[in-house]
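A closer look at the structure
Letter by letter, the chains look like this.
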Amino acid sequence: MQLRKYTPSDCVELTELFYNTVHKVNAKDYTKEQLDVWAPGKADADKWNQSFQAHHTVVAVENDMIAGFGDIDETGYLDRLYVHMDYQGRGIATAICDELEKTVHGNIITHASITAKPFFAKRGYRVIKEQQVERQGIFLTNYVMEKARSMRHSETLNTVYRTVSGQKAAVSGGTDRDANAEREAYGQR
């Protein structure tokens, strides 16, 4: 599999991949009525192209076929992540997401479908809220999820409480590797 930057000639194929993925892969979690308003099949290629060009958009290609795509904006909003139904479970979404996440330094937000929620949760995203999104009078459930990567949050997460010689000590800014090394030194591993 090869990852490359989006080109405008990809747009129609990406809108078709989006439609087919939503209607096949997401069908286990949404009704036909919900799928029809989410991906009605008449995408505005000009709007999609403008959006892809405004964002950092990555396309995954395997065997000369587009197998998936994703895009993120400069604020850290991961807008779309879709993998062709025949390429599910092969690490393509992970590779695309890895590439997208490298382009931003702060926290990342996405609106994950019911189907995508477990994927993002495994990547360290947490649910901020469940929401009902209305499209043409039909409601769809999705989740606002965030991957916290800011320094302030990282420092909070890296505050580790350890018991050393029977005394509790708080160590800020330590890494898991530092904590493991210290536990080894005190025979606590």
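Note that this is a predicted model, so its numbers are computed, not measured.

Rules used in this analysis
- Residues numbered from 1 in each chain as written.
- Predicted model: local features only at pLDDT ≥ 70, side-chain atom pairs only at ≥ 80, totals over all residues.
- Heavy atoms only, no water.
- Helix = DSSP H or I, 4+ residues; strand = E, 2+ residues; numbered from the N terminus.
- Buried < 20%, exposed > 50% of the residue type's maximum accessible area, 1.4 Å probe, protein only.
- Contact = heavy atoms within 4.5 Å.
- Areas by Shrake-Rupley, 256 points an atom, 1.4 Å probe, with all protein chains shown as cover.
- pLDDT = per-residue confidence, 0-100.
- Pairing = 2+ DSSP bridges.
- Right-handed = clockwise from strand over helix to strand, strands pointing away.
- Axes fitted to C-alpha atoms, helices over the stretch in contact; angles between N-to-C directions.
- Salt bridge = Lys/Arg side-chain N within 4 Å of Asp/Glu carboxyl O.

**Digging into the overall build of the protein chain**
- What the protein chain contains, in helices and strands, is seven helices and nine strands.
- The buried share of the protein chain, taken over its 189 residues, is 40%.
- A sequence separation of at least 24 residues applies to 57% of the contacts in the protein chain between residues at least 6 apart.
- Summed over its atoms, the accessible surface of the protein chain is roughly 11,200 Å², and 47% of this surface lies on carbon and sulfur atoms.

**Details of the confidence of the model for the protein chain**
- In this model, the protein chain carries an average pLDDT of 83, and 79% of its residues clear a pLDDT of 70 or more.
- A low-confidence stretch, residues 151-189 stays under pLDDT 50, and its non-local contacts, those more than four residues away or across chains, total 28 contacts.

**Focus on unusual backbone geometry**
- Positive phi outside glycine occurs at aspartate 64, with the angle close to 60°.
- Looking at the element boundaries, aspartate 64 is found in the loop between strand S2 (56-62) and strand S3 (65-72).
- Accessibility expressed as a relative area gives 81% for aspartate 64, which makes it exposed.
- Despite not being glycine, glutamine 136 shows a phi value in the positive range, around 50°.
- Residue glutamine 136 is classed as exposed on the basis of its relative accessible area of 68%.

**Topic: the pairing of strand S4 (residues 77-83)**
- For S4, the buried fraction is high: five of the seven residues fall into the buried class.
- Inspection of the sheet shows S3 paired to S4 by five bridges, in the antiparallel sense. Within S4, the position partnered with glycine 70 by the bridge is leucine 81.
- Pairing analysis gives two bridges linking S4 to strand S5 (residues 108-113), with the strands arranged parallel. Bridged to tyrosine 77 within S5 is isoleucine 109.
- For the crossover that starts at S4, traverses helix H4 (residues 92-102) and ends in the parallel S5, the hand is right-handed.

**Observations concerning the sheet that holds S2**
- One open sheet accounts for seven strands, arranged S1-S2-S3-S4-S5-S7-S6; its pairing is mixed. Of all the strands in the sheet, just strand S1 (2-5) and strand S6 (126-135) have a single pairing partner and so form its edges. Between one strand axis and the next, the sheet turns by 30° as a mean value, whatever way the strands run.

**Things to note about the pattern of salt bridges**
- The final tally for this structure, using the stated rule, is ten salt bridges.
- Among the salt bridges present, the one from aspartate 71 reaches arginine 80, with a minimum N-O distance of 2.8 Å.
- What makes arginine 80 buried here is its relative accessible area of 10%.
- Through salt bridges with shared partners, a single ionic network connects Asp98, Glu101, Arg123 and Lys147.

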